[in-house]
Amino acid sequence: MTPAARLQAAIEILDLVIGAARGEGAPADAIVTRYFKTRRYAGSKDRRAVRELVFQAIRRSGERPESGRSAMLGLALSEPEMLALFGEGRGPALAVEGELAAEARVVPRWIEAEFSPLVGPAEWPALLERAPLDIRVNIARTSREAMLAAFGGSVPTPLSPWGLRLPVESRVDDRAEFAEGLVEVQDEGSQLIALACSPQADARILDLCAGAGGKSLALAAAAPEADILATDSNRARLQNLVPRAARAGARIETRLLNPPNEVAELPDWRGSSDVVLVDAPCSGSGTWRRNPEGRWRLTPERLDRLAASQARLLGIAAELVRPGGTLVYAVCSLLAREGASQVERFLGERSDWNAQEVLDGIGRKDGAGKLLTPEQDGTDGFFIARLVKPC
């Protein structure tokens, strides 16, 4: 492919990404992969170059662009060599004066006021930097020291006692240690959510929004004898946990729930759970460095729906926790409405509940919980709170 043809391919992919963002479709990575499956003439260098152009344009445009051409034209306006490719054969049409070009922004304007007060403009660029590659050691079957020796070039994660940080280009899924269930790919921030649960050997732990089970696996590794139930309303995601648990040698029960009947479908856990983890569906604003097009998917209306869902899930969890038990609430979000404000509302409605110190010495205090950010902590962005039910 010529440089101009690569540019045109990037524009076509961006059109697909923008369309998917409007309709909550596939993520950008999947769209890039699918695009090249039908274009076998593109070599590996072409695919890498086009992918880089696509993600350069995505990271540059905080607001969702009108089109792929608008996104790429915005990028090209600051790069004369790229702008010169407009109008070349097999490339995009010649740029004309006054044509709409996407504005360079880190975050959409409307989101700025939604951030936690701790996340000012100086922290925003880190939200789009390249994320590190972290793995969690399955401490039920091996040690971090053993895996440190096995994975050359790795270093211990600074905050999680279970993690290693690998060179970004490392492959993990083709390693024997992965196949044998000794490690899992998991951001350090996600590991810290499990750590915040303080899993004990004799505990009954309910992971209410388990998804594919990353936190459930971390809990099982830390407390192999604990009674762990992973639930979710998404069958496809929850089914992914079954082979992962088998590979890790983890004892985890799964149960598919049907909203709004979650409490009725958990009679054996109602009021008897030592720990309920609510890793709630959220904006994902803490993971934009992994999914920068997530900024294009979020709207005020979607944030309203997410906040309402989080409040509902917290109410469900409150019924499942035993007297004296713990509710751990987490979101991979840096927005106050999903984090500190959500917990403030919960405690305001339940004056007999108490917030407990969480992750001592880690993160920054944000209301009744802690906030972790890429800039300050080197993790994905997370809000985590630990709430205790009265006896």
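Every value quoted in this text rests on a predicted model; they were computed, and no experiment measured them.

Novice: Can you break down the overall build of the protein residue by residue, with the values?
Specialist: Helix and strand counts for the protein come out as 16 helices and 13 strands. Relative to the 2.2 N^0.38 estimate, which gives 21 Å for 391 residues, the radius of gyration of the protein is 22 Å and therefore close to what a compact globule would have. Overall, the protein is about 70 × 45 × 40 Å in size when its C-alpha atoms are taken along their principal axes. For the protein, buried positions account for 53% of its 391 residues. Restricting the contact set of the protein to residue pairs at least 6 apart, pairs at least 24 apart contribute 72%. As displayed, the protein has an accessible area near 16800 Å², and 51% of this comes from carbon and sulfur atoms.

Novice: Go over the environment of Gly153, please, and point to the residues and values.
Specialist: Considering the arrangement of structural elements, one finds Gly153 in the loop between helix H7 (144–150) and strand E2 (155–156). In the structure, Gly153 is positioned 11 residues away from Leu164 in sequence and 9.9 Å away in space, judged by C-alpha atoms. Discounting chain neighbours no more than four positions away, the residues touching Gly153 are Arg165 and Pro167.

Novice: Describe the packing of helix H1 (residues 3–23) against helix H2 (residues 28–37), and please don't skip the residues or the numbers.
Specialist: Across the interface, H1 lies against H2 with an axial gap of 10 Å and an inter-helix angle of 135°. Considering their axes alone, H1 and H2 lie oblique with respect to each other. As for how H1 packs across H2, the hand of that crossing is right-handed. Two secondary-structure elements touch here, H1 through Ala9, Glu12, Ile13, Leu16, Val17 and Ala20 and H2 through Ala28, Ile31, Val32, Tyr35 and Phe36.

Novice: A description of the layout of surface pockets should follow, citing residues and the corresponding values.
Specialist: A volume near 1600 Å³ is recorded for the largest pocket. Lining of the largest pocket is provided by 48 residues; of these, Gly211, Lys215, Arg237, Asp279 and Cys332 occupy positions nearest its centre. Every element with two or more residues in the lining of the largest pocket is listed here: strand E1 (133–137), helix H10 (214–222), helix H13 (294–297) and helix H14 (300–320). The leading source of residues in the lining of the largest pocket is H14, at 5 residues. The computed volume of the second largest pocket comes to approximately 570 Å³. Forming the walls of the second largest pocket are 15 residues, and the residues nearest its centre are Asp29, Arg51, Arg59, Arg130 and Val168. For the lining of the second largest pocket, the element with the most residues is helix H3 (residues 44–60), which contributes 5 residues.

Novice: Can you explain the environment of Arg64? Please cite residues and give values.
Specialist: Locating Arg64 in the fold gives a position in the loop between H3 and helix H4 (68–76). Classification of Arg64 by relative accessible area gives partly exposed; the value is 33%. C-alpha separation for the pair Arg64 and Tyr329, spaced 265 residues apart in sequence, amounts to 30 Å. A distance of 3.2 Å separates a polar atom in the side chain of Arg64 from the backbone oxygen of Trp296.

Novice: Help me get a handle on the UniProt feature "active site" (unreviewed entry) in the protein, residues and values and all.
Specialist: Per the UniProt entry, the sites bearing "active site" (unreviewed entry) are Cys332 in this numbering. With relative accessibility at 18%, the residue Cys332 sits in the buried group. When near neighbours in sequence (up to four residues on either side) are disregarded, Cys332 contacts Cys282, Gly284, Ser285, Gly286, Thr287, Gly381 and Phe382.

Novice: Break down the side chain of Glu177 for me, citing the residues and quoting the values.
Specialist: Relative to the helices and strands, Glu177 is located in helix H8 (residues 176–179). You can call Glu177 buried: its relative accessible area is 15%. At 3.1 Å, the side chain of Glu177 and the side chain of Arg175 are in polar contact. Here Glu177 is in contact with Met147, Ala150, Phe151, Leu182 and Val183, once residues within four sequence places are set aside.

Novice: Account for a positive patch on the surface, with residues named and values stated.
Specialist: On the surface, Lys37, Arg40, Lys45, Arg47 and Arg48 cluster together into a patch of positive charge. With respect to the element layout, Lys37 can be found in helix H2.

The rules behind these values
Residues numbered from 1 in each chain as written. Predicted model: local features only at pLDDT ≥ 70, side-chain atom pairs only at ≥ 80, totals over all residues. Heavy atoms only, no water. Helix = DSSP H or I, 4+ residues; strand = E, 2+ residues; numbered from the N terminus. Rg over C-alpha atoms; globule rule 2.2 N^0.38 Å. Buried < 20%, exposed > 50% of the residue type's maximum accessible area, 1.4 Å probe, protein only. Contact = heavy atoms within 4.5 Å. Areas by Shrake-Rupley, 256 points an atom, 1.4 Å probe, with all protein chains shown as cover. Axes fitted to C-alpha atoms, helices over the stretch in contact; angles between N-to-C directions. Parallel < 35°, antiparallel > 145°, perpendicular 65-115°, else oblique. Left-handed = near helix turned anticlockwise from the far one by under 90°. 1 Å grid on protein atoms, 1.4 Å probe; cavity = no way out; pocket = protein on both sides within 12 Å on 5 of 7 lines; lining within 4 Å. Points joined across faces, edges and corners; volume = space filled by probe spheres on them. Polar contact = N/O pair within 3.5 Å; in protein donor to acceptor, adjacent residues only side chain to side chain. UniProt positions renumbered as here; feature names shortened; annotations may be inferred. Patch = residues over 30% accessible without salt bridge, like charges linked within 9 Å, V, L, I, M, F, W, Y side chains within 5 Å. Salt bridge = Lys/Arg side-chain N within 4 Å of Asp/Glu carboxyl O. Lys, Arg positive; Asp, Glu negative; His and termini not counted. Charge placed at Lys NZ, Arg CZ, Asp CG, Glu CD.

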